[in-house]
Amino acid sequence: MTHLQDQHIIVVGGSSGIGLAVAATALRAGARVSIMARSRARLDRARQQLDAGDALQTVAVDVTDESTVQLAFAGLPAPDHVHVSAAGFVGGSVLGTPMTELRAALDARLWGAVHVVRAAAPRMTAGGSFVLTGGISTERPAKGAWPTAVATAAAEQLARCLALELAPLRFNAIAPGWTDTPMWDGLLGASKADTFAAVAGRTPTGRLVTADEAAQAVLLLMSNASLNGEILHIDGGLRLA
Ligand SMILES: NC(=O)c1ccc[n+]([C@@H]2O[C@H](COP(=O)([O-])OP(=O)(O)OC[C@H]3O[C@@H](n4cnc5c(N)ncnc54)[C@H](OP(=O)(O)O)[C@@H]3O)[C@@H](O)[C@H]2O)c1
């Protein structure tokens, strides 16, 4: 990864989970890293954890609010690569869930990514790339989770479309399977260990993905200049099972 040395990598959703692991991996590769997320407290915890001094900047931003995204990017040096990890799981039923809740899935994962691209692409250095975030729900939609499945499919398709529209900037996406991150603490609570064991049992590799493994996939997409319009599945083969 020596070619990421001294490059500026912005991770939107970089205070937790996969985004935090991307920040840590990029810092180890010698990059300068800026992380963005909503909660200042989580950003401060991430800063302490990463312990990277001047190589790390933190910016509080909500990706669903375009004007703050524009301001955040305007206040930072030009990015070489941008990873958009910011989004959460949105469940719901088409008949029973209020529209405001259903819309939230696309607000963050699709329109949030579009806000980031509109802020970052005009400032991007030559050879720059974006890595968006889809997920296993695109290929394996689950009952009760269709807003997330539609949103991950949209983010993956956005990467393919923008690889053409904004060439020569490169656009790729990761499609993680079940990854052991803090996202699941709030969603699964006390049932987390049992659910993880059941998912591991269905996965060909016999275990969940780690955030570090997902981060390595992100850095591969950034650092290989011929990977473009690619959806990199990192799911232990679960989408096939
Ligand atoms: N973990 C999995 O099994 C899995 C599987 C497939 C796909 N994914 C996707 O991978 C991405 C990362 O997941 P993760 O498990 O690492 O989640 P996580 O640990 O909950 O981290 C999410 C990060 O995004 C930030 N964020 C969320 N909404 C935001 C917003 N509106 N504006 C700015 N920042 C926002 C969070 O900080 P704040 O809350 O402070 O804003 C946090 O830094 C998500 O898009 C997730 O859906 C995860």
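Preceding this section is the structure that the text describes.
The following paragraphs examine the structure supplied in this document. (Residues numbered from 1 in each chain as written. Predicted model: local features only at pLDDT ≥ 70, side-chain atom pairs only at ≥ 80, totals over all residues. Heavy atoms only, no water.)

**Things to note about the nonpolar core**
Part 1 of the argument: Core analysis: the largest hydrophobic core is formed by 33 residues, its most contacted members being V12, M36, F73, V82, V116 and F130.
Part 2 of the argument: Elements supplying a minimum of two residues to this core: strand 1 (8-12), helix 3 (66-74), strand 4 (81-84), helix 4 (99-120), strand 5 (129-133), helix 5 (146-165) and strand 6 (170-176).
Part 3 of the argument: By residue number, the principal contributor to this core is helix 4, which donates 7 residues.
Part 4 of the argument: Sequence-distant contacts of F130, defined by excluding residues within four places in its chain, comprise V82, V116, V117, A120, A121, M124, L169, R170, F171 and N172.
Part 5 of the argument: Core analysis: the next-biggest nonpolar cluster, separate from the first, contains 32 residues, A37, L43, L56 and A211 among them. (Core = buried A, V, L, I, M, F, W, Y, C linked by side-chain atoms within 4.5 Å. Buried < 20%, exposed > 50% of the residue type's maximum accessible area, 1.4 Å probe, protein only. Helix = DSSP H or I, 4+ residues; strand = E, 2+ residues; numbered from the N terminus. Contact = heavy atoms within 4.5 Å.)

**Details of the pairing of strand 2 (residues 32-37)**
Part 1 of the argument: Within strand 2, 5 of the 6 residues are buried, leaving the element largely enclosed by the surrounding structure.
Part 2 of the argument: Bridging between strand 1 and strand 2 involves 5 bridges; their strand directions are parallel. By the bridge assignment, I10 is partnered in strand 2 with S34.
Part 3 of the argument: Since strand 1 and strand 2 lie parallel, the crossover through helix 1 (residues 17-28) that links them has a hand, and here it is right-handed. (Pairing = 2+ DSSP bridges. Right-handed = clockwise from strand over helix to strand, strands pointing away.)

**Here we look at the site of the ligand**
Part 1 of the argument: In the vicinity of the ligand there are 27 residues, among which S15, S16, R109, T179 and T181 approach most closely.
Part 2 of the argument: At a separation of 2.6 Å, an oxygen atom of the ligand approaches a polar side-chain atom of S16.
Part 3 of the argument: At a separation of 2.4 Å, an oxygen atom of the ligand approaches a polar side-chain atom of T181.
Part 4 of the argument: Protein chains shield 93% of the accessible area of the ligand, which is 880 Å² for the free molecule. (Near = heavy atom within 4 Å. Polar contact = N/O pair within 3.5 Å; in protein donor to acceptor, adjacent residues only side chain to side chain. Areas by Shrake-Rupley, 256 points an atom, 1.4 Å probe, with all protein chains shown as cover.)

**Points about the pattern of salt bridges**
Part 1 of the argument: This model, assessed by the stated rule, comprises 6 salt bridges.
Part 2 of the argument: As a salt-bridge pair, D235 and R239 come within 3.0 Å of each other at their nearest N and O atoms.
Part 3 of the argument: Of the residues examined, R239 reaches a relative accessible area of 24% and is grouped as partly exposed.
Part 4 of the argument: Here the salt bridges do not stand alone but share partners, grouping D180, D185 and K192 into one network. (Salt bridge = Lys/Arg side-chain N within 4 Å of Asp/Glu carboxyl O.)

**Quick look at the pairing of strand 3 (residues 56-60)**
Part 1 of the argument: As judged from the 5 bridges shared by strand 2 and strand 3, these two strands associate in the parallel manner. Bridge pairing in strand 3 places V33 opposite L56.
Part 2 of the argument: Since strand 2 and strand 3 lie parallel, the crossover through helix 2 (residues 40-50) that links them has a hand, and here it is right-handed.

**Some details on empty space enclosed by the protein**
Part 1 of the argument: Overall, the coordinates contain 1 cavity of 30 Å³ or more when judged by the stated rule.
Part 2 of the argument: Roughly 40 Å³ of volume is contained in the largest cavity.
Part 3 of the argument: Taken together, V84, S85, A86, A87, R109, A113, L132, T133 and A155 form the lining of the largest cavity.
Part 4 of the argument: Only helix 4 and strand 5 provide two or more residues apiece to the lining of the largest cavity.
Part 5 of the argument: Considered class by class, the residues forming the lining of the largest cavity number 6 nonpolar, 2 polar and 1 charged. (1 Å grid on protein atoms, 1.4 Å probe; cavity = no way out; pocket = protein on both sides within 12 Å on 5 of 7 lines; lining within 4 Å. Points joined across faces, edges and corners; volume = space filled by probe spheres on them. Nonpolar A, V, L, I, M, F, W, Y, C, P; charged D, E, K, R; others polar.)

**A few points about the packing of aromatic side chains**
Part 1 of the argument: Scanning the model with the defined rule gives 3 aromatic pairs in all.
Part 2 of the argument: Measuring from ring centre to ring centre gives 4.6 Å for F130 and F171, while their planes differ by 5°; the resulting arrangement is stacked. Residue F130 is located in strand 5, and its partner F171 is located in strand 6; the two are separated by 41 residues in the primary sequence. Pair check on accessibility: F130 and F171 agree, each one buried.
Part 3 of the argument: Between W178 and F196 the ring centres are 6.5 Å apart and the planes differ by 85°, which places this aromatic pair in the edge-to-face class. Of the two residues, W178 is situated in the loop between strand 6 and helix 6 (183-188) and F196 in helix 7 (residues 192-202); the sequence distance between them amounts to 18 residues.
Part 4 of the argument: Within the aromatic cluster, the residues linked to one another by ring pairs are W178, W184 and F196. (Phe/Tyr/Trp six-rings, centres within 6.5 Å; stacked < 30°, edge-to-face > 60°.)

**Comments concerning helix 1**
Part 1 of the argument: Between its first and last C-alpha atoms helix 1 spans 17 Å; for 12 residues at 1.5 Å apiece the expected length is 16 Å, and the two agree.
Part 2 of the argument: Within helix 1, 11 of the 12 residues are buried, which leaves the element mostly enclosed by the surrounding structure.
Part 3 of the argument: Trailing helix 1 by a residue or two, G30 shows a phi angle of about 90°, which is positive. (Expected span 1.5 Å × (residues − 1).)

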